[in-house]
Amino acid sequence: MAVTDPIADYLTRIRNAQIAGHRVVTVPASRTKKRITEILYDQGYILKYKFDDEAGKGQQGVISIALKYERETKRPVIRKLVRVSKPGLRQYAKADAMPRVINGLGIAIVSTSKGVMTGRQATDANVGGEVLAYVY
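Residues numbered from 1 in each chain as written. Predicted model: local features only at pLDDT ≥ 70, side-chain atom pairs only at ≥ 80, totals over all residues. Heavy atoms only, no water.

*Asks:* Describe helix 2 (residues 31-42), listing the residues and the values that go with them.
*Replies:* Relative to the 16 Å expected for twelve residues at 1.5 Å per residue, helix 2 spans 17 Å between its end C-alpha atoms, a close match to the ideal helical length. Among the residues making up helix 2, those that are buried are Lys33, Lys34, Ile36, Thr37, Ile39 and Leu40. At the exit of helix 2 stands Gly44, carrying a positive phi of roughly 85°. (Helix = DSSP H or I, 4+ residues; strand = E, 2+ residues; numbered from the N terminus. Expected span 1.5 Å × (residues − 1). Buried < 20%, exposed > 50% of the residue type's maximum accessible area, 1.4 Å probe, protein only.)

*Asks:* With reference to specific residues and values, describe the domain arrangement of the protein.
*Replies:* Parsing the protein into structural domains produces domain 1 (6-67) and domain 2 (81-135). On a C-alpha basis, the centres of domain 1 and domain 2 stand 19 Å from each other. At the interface, twelve residues of domain 1 touch 14 residues of domain 2. Carbon and sulfur atoms supply 74% of the area that domain 1 and domain 2 bury against each other, a total of about 1100 Å² over both sides. Across the contact surface, domain 1 and domain 2 share zero salt bridges. Our enumeration of links across domain 1 and domain 2 arrives at two residue pairs in polar contact (both at pLDDT 80 or more). Elements with a minimum of two residues in the side of domain 1 that touches domain 2: helix 1 (6-20) and helix 2. Residue composition of the side of domain 1 that touches domain 2, by class: eight nonpolar, two polar and two charged. (Domains from an automatic or database assignment. Contact = heavy atoms within 4.5 Å. Buried area = accessible area lost by both parts, 1.4 Å probe. Salt bridge = Lys/Arg side-chain N within 4 Å of Asp/Glu carboxyl O. Polar contact = N/O pair within 3.5 Å; in protein donor to acceptor, adjacent residues only side chain to side chain. Nonpolar A, V, L, I, M, F, W, Y, C, P; charged D, E, K, R; others polar.)

*Asks:* Tell me about helix 1, and name the residues and values.
*Replies:* For helix 1, spanning 15 residues, the distance from its first C-alpha to its last is 21 Å, which sits close to the expected 21 Å at 1.5 Å a residue. Listing the buried residues of helix 1 in full gives Ile7, Ala8, Tyr10, Leu11, Ile14, Ala17 and Gln18. Contact partners of the buried residues in helix 1: strand 1 (24-28), helix 2, strand 3 (62-67), strand 4 (81-83) and strand 8 (129-135).

*Asks:* How would you sum up unusual backbone geometry? Please name residues and give values.
*Replies:* You will see that Asn103, though not glycine, has its phi angle at about 55°, which is positive. Its place among the elements puts Asn103 in the loop between strand 5 (92-93) and strand 6 (107-112). What makes Asn103 exposed here is its relative accessible area of 64%. Even without glycine at this site, Asn126 takes up a positive phi of about 60°. Looking at where Asn126 falls in the secondary structure, it is placed in the loop between helix 3 (119-124) and strand 8.

*Asks:* Please provide a residue-by-residue account of the sheet that holds strand 3, values included.
*Replies:* With respect to topology, three strands assemble into an open sheet ordered 1-3-2, the strand pairing being antiparallel. Strands at the two margins of the open sheet, each flanked by one partner only, are strand 1 and strand 2 (46-52). Put simply, the sheet's adjacent strands are angled 20° from each other on average, direction ignored. Here six bridges tie strand 2 to strand 3, and the two strands are oriented antiparallel to one another. Bridging across to strand 3, Lys48 finds its partner in Ala66. (Pairing = 2+ DSSP bridges. Axes fitted to C-alpha atoms, helices over the stretch in contact; angles between N-to-C directions.)

Now the structure itself:
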């Protein structure tokens with residue numbers, strides 16, 4: 001079945017795996033999803049990841065993501081994972097009006113002309129773009 005919003009599907013798979021308490025979740029790969037995964041790893045929201053591009057002829061490959069949980073309480077490190085810009089209503093932000101998530105404690109993932117990056121990186125590079133998701 002074709003997915004109309006692959007990024008929302010990606011975020012939902014991570015959310016559902018955390019609710020179920022899974023350690024690892026696999027999602028279909030794309031360049032945007034790979035970059036979002038790298039951002040989540042760099043910011044400390046996931047434990048590790050692995051790209052498997054050797055899925056076979058005509059297949060797109062998968063991303064395996066090891067989810068991160070708090071040691072004492074076993075709660076997921078990612079409290080909220082929210083899709084902001086949707087296919088029916090795109091949300092854009094200029095470089096000087098980039099959204100701050102929970103007063104700087106969370107991150108905004110932004111798709112810019114220079115690639116997918118965090119809101120802070122986009123502000124530093126002085127580029128605006130489509131706000132894909134909030135993570136906190």
